[in-house]
Amino acid sequence: MRISLELARHRKIYADMSTKFFEHFLYIASAMAGMGGKGLWDEADQFFYDNLKLPHHEGIKLKVRSMVGLIPLFAVEILDDEILKELPEFSERLNWFLNHNPHLAGLVSHWGEKGMGDKHLLSLLRGHRMKKILLRMLDETEFLSKYGIRALSKFHEKNPYHFYVDGQTLTVDYTPGESTTDLFGGNSNWRGPIWMPVNYMIITSLSKFHQYYGPEFKVEHPVGSGNYMDLDEVSKELSMRLTKLFLKDEYNKRPFLGTNDLLQNDPYFNNYIQFYEYFHGDTGRGAGASHQTGWTGLIAKLIQN
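Keep in mind that what you see is a predicted model, and the values were worked out from it rather than measured.

Moving on, we come to the overall build of the protein. Secondary structure assignment for the protein yields 11 helices and 14 strands. The C-alpha radius of gyration computed for the protein amounts to 21 Å, which stays within 12% of the reference 19 Å derived for 305 residues, consistent with globular compactness. By principal-axis analysis of the C-alpha atoms, the protein measures approximately 65 × 50 × 40 Å. Considering the protein as a whole, with its 305 residues, one finds that 47% of them fall into the buried category. Relative to all contacts within the protein whose residues are 6 or more apart in sequence, the contacts with residues 24 or more apart total 56%. Within the structure as shown, the protein displays about 15800 Å² of accessible surface, and the carbon and sulfur contribution to it stands at 55%. Taking the 34 positively charged and 37 negatively charged side chains of the protein as two groups, their mean positions are separated by 1 Å.

Core analysis: the largest hydrophobic core is formed by 73 residues, its most contacted members being Met137 and Leu238. Ranked by the residues each element gives to this core, the list is headed by helix α8 (residues 196-213), at 9 residues. Once you skip the residues sitting within four places of it in the chain, leucine 238 turns out to touch Met137, Leu138, Leu144, Ile149, Ile202, Ile203, Leu206 and His221. Residues Val64, Phe163, Val172 and Tyr174 belong to the second largest nonpolar core, which totals 6 residues.

This part is about the pattern of salt bridges. What the rule picks out here adds up to 20 salt bridges. When the shortest N-O distance is used, the salt bridge between arginine 2 and glutamate 77 registers 3.9 Å. Taken together, the positions of arginine 2 in helix α1 (residues 2-8) and glutamate 77 in strand β5 (residues 76-80) put the pair 75 residues apart, joining distant regions of the chain. Residue class for glutamate 77 comes out buried when judged on its relative accessible area of 16%. Linking aspartate 42 and lysine 63 is a salt bridge whose minimum nitrogen-to-oxygen distance equals 3.3 Å.

The description of two helices packed together rests on the angle between their axes and the distance between the axes. Relative to each other, helix α2 (residues 14-34) and helix α4 (residues 88-100) sit at 30°, their axes nearing to 9 Å. Our classification of the angle between α2 and α4 gives roughly parallel. For the pair α2 and α4, the crossing hand works out as right-handed. Contact with α2, carried on its side by Ala15, Asp16, Ser18, Thr19, Phe22, Glu23, Leu26 and Tyr27, involves Phe90, Arg93, Leu94, Phe97 and Leu98 of α4 and no other residues of that element. The residue makeup of the contact of α2 with α4, split by class, is 8 nonpolar, 2 polar and 3 charged.

The omega torsion of the bond from histidine 221 to proline 222 falls at -10°, within 30 degrees of zero and hence cis. On the secondary structure map, proline 222 appears in the loop between β11 (218-220) and β12 (228-230). Cis rather than trans, the peptide bond between serine 290 and histidine 291 has omega equal to 5°. The residue aspartate 166 is not glycine, and still its phi comes out positive at about 50°.

What follows covers the packing of aromatic side chains. Throughout the structure, instances matching the rule amount to 13 aromatic pairs. The interplanar angle of 90° and the centroid separation of 5.5 Å between the aromatic rings of tryptophan 195 and tryptophan 295 together place this pair among those described as edge-to-face. With a gap of 100 residues between them, tryptophan 195 in the loop between β10 (168-172) and α8 and tryptophan 295 in the loop between β14 (286-290) and α11 (299-304) connect regions that are remote in the sequence. Seen in terms of ring centroids, phenylalanine 256 and tyrosine 276 are 6.3 Å apart; in terms of plane orientation they differ by 55°. Their pairing is tilted. Separated by 20 residues along the polypeptide, phenylalanine 256 in the loop between α9 (231-243) and α10 (261-265) and tyrosine 276 in strand β13 (residues 276-279) bring together distant segments of the chain. Like tyrosine 276, phenylalanine 256 is buried. Through successive ring pairs, a cluster of aromatic residues spans Phe246, Phe256, Phe275, Tyr276 and Phe279. One residue, arginine 65, lies across the ring of phenylalanine 155, its end atom 3.8 Å from the ring centre. The ring of phenylalanine 47 has arginine 136 sitting right over it, with the charged end atom 5.9 Å from the ring centre.

Quick look at the environment of phenylalanine 246 now. Note that phenylalanine 246 resides in the loop between α9 and α10. Look at phenylalanine 246 and you get buried, because its relative accessible area is 7%. Along the sequence, phenylalanine 246 and phenylalanine 275 sit 29 residues apart, while their C-alpha atoms lie 9.2 Å from each other. Ignoring sequence-local partners within four residues, the contact set of phenylalanine 246 consists of Met196, Arg254, Phe256, Ile273, Gln274, Phe275, Phe279, Thr296 and Ile299.

Before going further, it helps to examine α8. An ideal rise of 1.5 Å per residue puts 26 Å on 18 residues; α8 measures up with 26 Å between its terminal C-alpha atoms. Buried residues dominate α8, accounting for 13 of its 18 residues. Looking one or two residues past α8, glycine 214 carries a phi angle of roughly 80°, positive in sign.

Analysis parameters
- Residues numbered from 1 in each chain as written.
- Predicted model: local features only at pLDDT ≥ 70, side-chain atom pairs only at ≥ 80, totals over all residues.
- Heavy atoms only, no water.
- Helix = DSSP H or I, 4+ residues; strand = E, 2+ residues; numbered from the N terminus.
- Rg over C-alpha atoms; globule rule 2.2 N^0.38 Å.
- Buried < 20%, exposed > 50% of the residue type's maximum accessible area, 1.4 Å probe, protein only.
- Contact = heavy atoms within 4.5 Å.
- Areas by Shrake-Rupley, 256 points an atom, 1.4 Å probe, with all protein chains shown as cover.
- Lys, Arg positive; Asp, Glu negative; His and termini not counted.
- Charge placed at Lys NZ, Arg CZ, Asp CG, Glu CD.
- Core = buried A, V, L, I, M, F, W, Y, C linked by side-chain atoms within 4.5 Å.
- Salt bridge = Lys/Arg side-chain N within 4 Å of Asp/Glu carboxyl O.
- Axes fitted to C-alpha atoms, helices over the stretch in contact; angles between N-to-C directions.
- Parallel < 35°, antiparallel > 145°, perpendicular 65-115°, else oblique.
- Left-handed = near helix turned anticlockwise from the far one by under 90°.
- Nonpolar A, V, L, I, M, F, W, Y, C, P; charged D, E, K, R; others polar.
- Phe/Tyr/Trp six-rings, centres within 6.5 Å; stacked < 30°, edge-to-face > 60°.
- Lys NZ or Arg CZ within 6 Å of the ring centre and 35° of its normal.
- Expected span 1.5 Å × (residues − 1).

Just geometry here; none of it tells us what the structure is for.
Listed below in structure tokens is the structure:
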């Protein structure tokens, strides 16, 4: 939608496409709210979960505290009031659609209310729900690691999730490094390691929310510290944690090199940075494929910012 709006500034025909994508966004939000009869948001836990739909059953929430519950943060865009004035056709269609679909309009967070710098927010999350998600994400006993955001909450280290089906017990537990099973080729990306692309998405999303809410909207970071930051400050602090993966620490060691003495200490090795596929959720040790410059190279963008 954002791309088509930018193109519409040069060729008005793209405004139709912008409207279409806006409508798609609302229909997806509606599906999330109604899926399985009760939606993907769990009011008791204040978190998003997968919902398994079985025949003759309204749906079973799979209460795994995973990246699944953080991904709704990614669906956010900020639009300047200026671009809406510049593209009146888009604005008119938008308002018509929202007026004729009030049940969908209610799913768009603060669309009609201008935020900082006359900006409009398009998001799946209102401020209350976002703060509840961040309450888990910025907790060092859950998602927040010394080196970034884990793909699975550390809560599941002592509290594995068990699902029973057809006489089988299926288990998800916190696996911060290499996988303990051969599933998915022995890859454990979604079981606890720090994964650069989703961390990058979290950081850019928080920065966008800040553009709307401004410096008055603060959250505790880390949870339990008594230290409150605005969302831009949180995004920068998360960038610093990811950068620490590659920097020498107080012991002159680079966390991503783990306990490999040759790579840590040999002058012919220790200054060559490898971009691993993912990193151990507790120690920061590099794991998986290397060189994974396709996404771990995003660290350069974070350093630049």
